[in-house]
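Chain residues, written in single-letter form:
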Amino acid sequence: MGTRITLHFQERYNFQHGMSGTGEAIRVQRARKPRRTYCFFKLDCGHVKKQRGVGLALKAATAESEAQTQTISKDPMLANYVPVYVMLPLGVVTYDNVLQDRVRLENQLKELHAAGVDGVMVDVWWGIVESKGPRQYDWSSYRTLFQLVQDCKLKLQAIMSFHQCGGNVGDSVFIPLPKWVLDVGNSNPDIFYTNRKGVRIKECLSLGVDNQPLFNGRTPIESFRDNMEDFLESELMIDIEVGLGPAGELRYPSYTKNLGWVFPGIGEFQCYDKYLKADFNEAAAKAGHPEWELPDNAGESNDMPESTEFFRSGGMYQTEKGKFFLTWYSNKLLTHGDEILDEANNVFLGCKVKLAAKVAGIHWWYKTESHAAELTSGYYNLCHRDGYRPIARMLSRHNAILNFTCLEMRNHEQPAEAHSGAQELVLSGGWMENLDVAGENALARYDREAYNQMLLNARPNGVNRWSPPTLKMYGVTYLRLSDELLQQTNFDIFKAFVRKMHANLDYCPDPERYYHFTVPMERSEPKIPLEVILEATKPVEPYPWYKETDMSLSDVTSFLNYIVAIILRIFKLLVE
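This structure is a prediction, so every number in the text was calculated from the model and none was measured.

Novice: Let's hear about the overall build of the protein chain: which residues, and what values?
Specialist: When you go through the protein chain residue by residue, the secondary structure sums to 16 helices and 15 strands. Out of the 576 residues in the protein chain, the part that is buried amounts to 59%. In the protein chain, 79% of the contacts between residues at least 6 apart in sequence involve partners at least 24 apart. As displayed, the protein chain offers around 23500 Å² of accessible surface, 51% of which is attributable to carbon and sulfur atoms.

Take a look at the structure:
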């Protein structure tokens, strides 16, 4: 559970001015009543009424965007430009719904803008904005924050975080789910993910209750939809991500620090609430095995694979029963993500939007036979079975972005006993399914080695000086803004990193110049049959990757690349 949705709002409102070349704040007028808007859409309360000729209008908008890619930029190096966002502190808006230390934050934002950063990202916590009761929303502090970001000439992404803050690695504050949700859990604890021993994880709601009307007559999916629609009504013109699971990621909360998990523990399956138990029993009976039950031999969260009957070599995961369970467990995650994205598509239909799902970088135990930590998280990935391309294929019907974590990690940096494969994870699968791919670092790093690895993953085959690169990330988010990041030595290195992400070019305020075009969102494609999605489990060779980035921060080559890029740009301008 952890689908994430990135939305690029431009059609929900009538703009007095678009984003200016100087990055000035956009003045927004809300389109409450039907009126003339772009692409023949009327927007009313988050829903779209298509007018006659809208199909032709959408095709024309798409054709226009494609034509623009040929003419909009005279500098082909801009095709290599990867925008950089910085995540704001988790508690920038406090649990009491107060914007913390505005003056200090404003100074920090101005430093980011001066460094060439494209924008910032911030969590918008469900436990804050809907804390007073169902459908009682208070966006006041976030509205102030968003205006401050715009005033500092930065773009903004908001993560609508429907999970608890606190309990994960790096969580520095505690913001629980809304009290009225927790009250439901007091009388019905099965709304939460549950391990084999009956321990409840109150970080987020179990996907087993996705369609259960337990929350003042609403299902969780309906509650999240109402929250998103109210966000539209709050007159906030920004990019949005919607997180629906632990750390906003499409996974089960299999490893939880505040419940005693320690890296590199394998984690635990989280499917023992009464709703998921009933679902498994029904699925097993339909498969002709009513006697099958959920695993009771997969160990505990800090075990190693070989110490368990389920994950050891030749263990239960390789049996018919084990394969059935793992398929069911991972398919539930796929269905959950698909349903949430479909609902979001309905909410934002006709807006200029881009949906995305965040996938976790479960890199420990990757280089073992059973991939135990991935399996407990819901990623059924083995050496002979791709567990990530099915996620990408599911996303493809929504034209969604696959957002991946742990961009900064290299295998040799991890303890040998973790059998880490951070460099072998996810990314190729997204590109193979023709998705845009974005990413972020998992842990705060300030060293050149980490930045170089992020640069490599952002452009795996390097820069192409005359046309778009073979592979390029849609965007990169750095985690996170802090006093340590802004310390002079660290910040100097970070500024060089931003410059390299921009392919040694100056900050570009206009996304269309680096080929980011967003057209009004159309209805998702028809649901892909599960058997077709699972065809993507067949392993294929990943795309080739450079061993090192060609935009390194750490050697003479980076300086030479910079000089060459400047000379080429001057030469081309003179020719023109």
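So that's the structure; there's more coming.
Novice: Please set out the nonpolar core residue by residue, giving values where relevant.
Specialist: Residues Leu109, Leu145, Leu205, Phe269, Phe325, Phe494 and Phe497 are the most contacted members of the largest nonpolar core, which totals 135 residues. No other element matches helix H8 (residues 320–347), which puts nine residues into this core. In this structure Leu109 touches Leu88, Val120, Leu148, Val149, Cys152 and Leu154, once residues within four positions along its chain are discounted. Ranked by size, the runner-up nonpolar core spans nine residues in total, among them Met77, Leu78, Leu505 and Tyr514.

Novice: Any chance you could break down the pairing of strand S7 (residues 119–125) for me, citing the residues and the numbers?
Specialist: Burial within S7 is extensive, with seven of its seven residues counted as buried. Covered by surrounding structure in S7 are Gly119, Met121, Asp123 and Trp125 together with Val120, Val122 and Val124, the residues of both alternating faces. The pairing of strand S6 (residues 84–87) with S7 spans three bridges and is classified as parallel. Looking at the pairing, Val86 lines up with Val120 of S7. A crossover links S6 with its parallel partner S7, the connecting element being helix H2 (residues 102–114), and its sense is right-handed.

Novice: For the packing of H2 against helix H4 (residues 140–151), give the residues involved together with the corresponding values.
Specialist: Relative orientation and spacing of two packed helices are given, respectively, by the angle between their axes and the distance between those axes. Between H2 and H4, the shortest axis-to-axis distance is 10 Å and the interhelical angle comes to 35°. Relative to H4, the crossing made by H2 is right-handed. Where H2 approaches H4, its residues Arg102, Leu105, Glu106 and Leu109 are matched on the opposing element by Thr144, Leu145, Leu148 and Val149. A breakdown of the residues in the contact of H2 with H4 according to their chemical character gives five nonpolar, one polar and two charged.

Here is what the cut-offs are and how they apply
Residues numbered from 1 in each chain as written. Predicted model: local features only at pLDDT ≥ 70, side-chain atom pairs only at ≥ 80, totals over all residues. Heavy atoms only, no water. Helix = DSSP H or I, 4+ residues; strand = E, 2+ residues; numbered from the N terminus. Buried < 20%, exposed > 50% of the residue type's maximum accessible area, 1.4 Å probe, protein only. Contact = heavy atoms within 4.5 Å. Areas by Shrake-Rupley, 256 points an atom, 1.4 Å probe, with all protein chains shown as cover. Core = buried A, V, L, I, M, F, W, Y, C linked by side-chain atoms within 4.5 Å. Pairing = 2+ DSSP bridges. Right-handed = clockwise from strand over helix to strand, strands pointing away. Axes fitted to C-alpha atoms, helices over the stretch in contact; angles between N-to-C directions. Left-handed = near helix turned anticlockwise from the far one by under 90°. Nonpolar A, V, L, I, M, F, W, Y, C, P; charged D, E, K, R; others polar.

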